[in-house]
Amino acid sequence: MNFHVNRRSALCAGASLAAAAVMPAWAQAQPTLRFAAVFSDKDIRADMMKMFAKELESSFKIDMFLNSTMFKQGTELVALQRDNLEMGNVGPQDISKQIPAWSLLTSAYLFRDANHLTNFFASDLGAQMKNMVAEQLKVKILGPTFFGTRQVGLKTKKKINVPADLAGVKLRMPPGDSWQLLGRSIGANPTPMAYAETYTGLQTGAIDGQDNPLPNVQNMKFYEVMSQIVLTSHLVGYDLLVVNMKTWNSMSPATQKAFQAAADKAIAWSTAEHLKREAELAEGFRRQGLDVYAPNINAFRDYAQKVYMASDEAKQWPVGMLDKINAMK
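One numbering rule holds for all chains: residues counted from 1, following each sequence as written. For this predicted model, a pLDDT threshold of at least 70 governs which residues receive local features, and a threshold of 80 or more governs which side-chain atom pairs are given and counted, while totals over whole chains, interfaces and linings are taken from all residues. The side-chain numbers reported here are obtained from all heavy atoms of the structure, hydrogens and water having been left aside.

Student: Mind showing me how you'd approach the pairing of strand β3 (residues 87-90) here?
Tutor: Where a strand is regular, its side chains alternate between the two sheet faces. A 1.4 Å probe rolled over the protein chains alone gives each residue an accessible area, and that area as a share of the maximum for its type sets the label: buried under 20%, exposed over 50%, partly exposed in between. Numbering of helices and strands runs from the N terminus, with a helix taken as a DSSP run of H or I at least four residues long and a strand as a DSSP run of E at least two residues long. A two-sided burial pattern is seen for β3, the buried positions comprising M87 and N89 on one face and G88 and V90 on the other. Two strands qualify as a pair provided DSSP detects at least 2 bridges between them. Sheet topology note: the strand β1 (residues 32-36)/β3 ladder contains two bridges and is parallel. In the strand pairing of β3, A36 is matched with G88. Sheet analysis places β3 next to strand β8 (residues 228-244), joined by four bridges and oriented antiparallel. In the sheet register, N89 faces β8, and the bridge partner there is L241.

Structure below.
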């Protein structure tokens, strides 16, 4: 009797070991996915990632490394490609360094608002651009993480109405050719500087200003070292929530579907929260003593489009893509 029970137990144990041997790693144990981003733990997107992690807690453990604590800004994409990182929030500008056609998606006055951005990435046009990244960079884009419309914040009190008024103004921009072109496209003198160094740069006068969405200005307390905010609305700010392809391909189709659904839910919540906060902040900054006003937007848009169309970057854009994006609702 005991012999048969023990034998049966041994057979079951052997079968379990054999099954485990052929199961993918993620199915054998709850894997840990490291997530790296430039934003701080006070950012709405940090809460977005907590929501995402909560949705998937039965399948994955998400370890978050925020405020560039694991990788410096701009290096996350390479880390993902080298399998040194499983998930990240990367800038489209970083992608455009490796895929020149993507510089279109970093250009000034391309997306009108967050809804236009979301609709593009959900469209066939968006799928075309996402597939480029999957095939060439081995990174899966889960969706765009909108973080507000970029506005110019200045330490100087000089009134800004047209691009010529920004001539000579040292405007902090992230490192990278696409960012520098963006700065030039609104008439400024772009100055490369890491996000985490921007507050000190404004404080010491190393830069005259920065451009960020209003929630970022609030989160990083840039308003403490600025005198005005010029509502140029020159770029709908977004990064991309991504997972490296090795991690993505290790999942079953059902797990991939749940993973994408969790990302969609968290991103939609984050977008709504950013829009809500953005609407409240302009008046709040006025109450804090900053001069907040809109310049001649048409003059800025016309100037920016001319700068971009005359650039080498525009030569790499997919033929007809700009007109198709402009025509989208």
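Student: Sorry if this is basic, but what is going on with the packing of helix α3 (residues 44-55) against helix α12 (residues 253-287) here?
Tutor: Each pair of packed helices can be summarised by the angle the axes make with each other and by the distance between the axes. Orientation is described by lines fitted to C-alpha atoms, with helices fitted over the stretch in contact, and by angles between N-to-C directions that extend from 0 to 180 degrees. Put simply, α3 and α12 touch, their axes get as near as 9 Å, and they point 155 degrees apart. Taken together, α3 and α12 sit at an angle that is classed as roughly antiparallel. Crossing of α3 over α12 shows right-handed handedness. Side by side, α3 and α12 meet where I44, R45, D47, M48, M51, F52 and E55 of the first sit next to F259, A262, A263, K265, A266, I267, W269, S270, E273, H274 and R277 of the second. The scheme is simple: roughly parallel for angles under 35 degrees, roughly antiparallel for over 145, roughly perpendicular for 65 to 115, oblique for anything else. Helix crossings are classified by the rotation of the near helix relative to the far one: an anticlockwise turn of less than a right angle makes the crossing left-handed, while a clockwise turn makes it right-handed. Should any heavy atoms of two residues lie within 4.5 Å, those residues are counted as being in contact.

Student: Quick question: what am I supposed to make of the nonpolar core here?
Tutor: For soluble globular proteins, the rule of thumb is that nonpolar side chains tend to be buried together. In plain words, nonpolar cores are sets of buried Ala, Val, Leu, Ile, Met, Phe, Trp, Tyr and Cys residues tied together by side-chain atoms within 4.5 Å. Counting 55 residues, the largest nonpolar core has I95, W102, L105, F111, F120 and L240 as its most contacted members. In contact with L105, not counting residues within four places along its chain, are L110, F111, F120, F121, M129, Y238 and I325.

Student: Quick question: what am I supposed to make of the pattern of salt bridges here?
Tutor: Any two side chains of opposite charge can pair, on the condition that their charged atoms come close. Definition used for salt bridges: Asp or Glu carboxyl oxygen within 4 Å of a side-chain nitrogen of Lys or Arg. Throughout the structure, instances matching the rule amount to 13 salt bridges. For K97, the salt bridge is made with D94, and the minimal N-O distance between the two is 3.5 Å. Within this pair, K97 and its partner D94 are both found in helix α5 (residues 92-98), separated by three residues, close to a single helical turn. For the salt bridge of D312 with K315, the shortest nitrogen-to-oxygen distance reads 3.3 Å. Among the residues examined, D312 registers a relative accessible area of 57% and is labelled exposed.

Student: Which parts of the structure should I look at to understand the pairing of strand β5 (residues 170-173)?
Tutor: Bridge count between β5 and strand β6 (residues 189-192): four bridges; the pairing is parallel. When the bridges of β6 are listed, M173 appears paired with P192. For crossovers, right-handed means that the path from the first strand over the helix to the second runs clockwise, given strands pointing away from the viewer. Read from β5 through helix α8 (residues 177-185) to β6, the crossover connection turns out right-handed.

Student: I'm lost on the environment of D47 in this one. Help?
Tutor: Among the secondary structure elements, D47 is positioned in helix α3. According to the relative accessible area criterion, D47 is partly exposed, its value standing at 35%. Linking D47 and A266, residues 219 residues apart in sequence, is a C-alpha distance of 8.7 Å.

Student: Can you walk me through the packing of aromatic side chains in this structure?
Tutor: Each aromatic ring pair is summarised here by two numbers: the centre-to-centre distance and the angle between the ring planes. Ring pairs are drawn from Phe, Tyr and Trp, using the six-membered ring of Trp, whenever the two centres fall within 6.5 Å, and their geometry is named by plane angle: stacked under 30 degrees, edge-to-face over 60, tilted for the rest. Enumeration according to the criterion identifies twelve aromatic pairs in this entry. Seen from their ring centres, W248 and F259 are 6.3 Å apart, and the 70 degrees between their planes marks the pair as edge-to-face. Of this pair, W248 sits in helix α11 (residues 245-249) while F259 sits in helix α12, and the two are eleven residues apart along the sequence. In terms of burial, W248 and F259 fall into one category: buried. Look at Y308 and W317: their rings are 6.3 Å apart centre to centre, the planes differ by 35 degrees, and that puts the pair in the tilted class. Joined through ring pairs, the aromatic side chains of W102, F111, F120, F121 and Y238 make up one cluster. A ring has a charge above it when a Lys NZ or an Arg CZ is no more than 6 Å from the ring centre and no more than 35 degrees off the ring normal. Sitting above the plane of the Y293 ring, K159 keeps its charged end 3.8 Å from the centroid.

Student: Would you mind going over empty space enclosed by the protein with me for this structure?
Tutor: Taking a probe equal in size to a water molecule and rolling it over the atoms shows the remaining empty space. A cavity here means a set of 1 Å grid points, computed over protein atoms only, where a 1.4 Å probe fits but cannot escape. A pocket is an open set with protein on both sides within 12 Å along at least 5 of 7 lines, and lining residues have an atom within 4 Å of a point. Grid points are joined across faces, edges and corners, and a volume is the space filled by probe spheres set on the points. Per the stated rule, a full pass over the model turns up two cavities of 30 Å³ or more. Only β4 (139-154) and β8 provide two or more residues apiece to the lining of the largest cavity. When residues of the lining of the largest cavity are assigned to their parent elements, the largest contribution, five residues, is made by β8. In the lining of the largest cavity, the residues fall into six nonpolar, three polar and two charged. Here the second largest cavity is characterised by a volume of approximately 40 Å³. Nonpolar residues are Ala, Val, Leu, Ile, Met, Phe, Trp, Tyr, Cys and Pro. Charged residues are Asp, Glu, Lys and Arg, and all others, Gly as well, are polar.

Student: Any chance you could explain the layout of surface pockets here in plain terms?
Tutor: There is about 380 Å³ of room inside the largest pocket. What lines the largest pocket is a set of 18 residues, among which K130, L142, G143, P144 and D264 lie closest to the centre. Of all elements in the fold, only α6 (114-121), α7 (124-137), β4 and α12 reach the threshold of two or more residues within the lining of the largest pocket. The residue inventory of the lining of the largest pocket, partitioned by class, reads ten nonpolar, five polar and three charged. Counted as a void, the second largest pocket has a volume near 280 Å³. The wall of the second largest pocket is formed by 22 residues, among which V38, Q73, P174, W179 and D239 lie closest to the centre.

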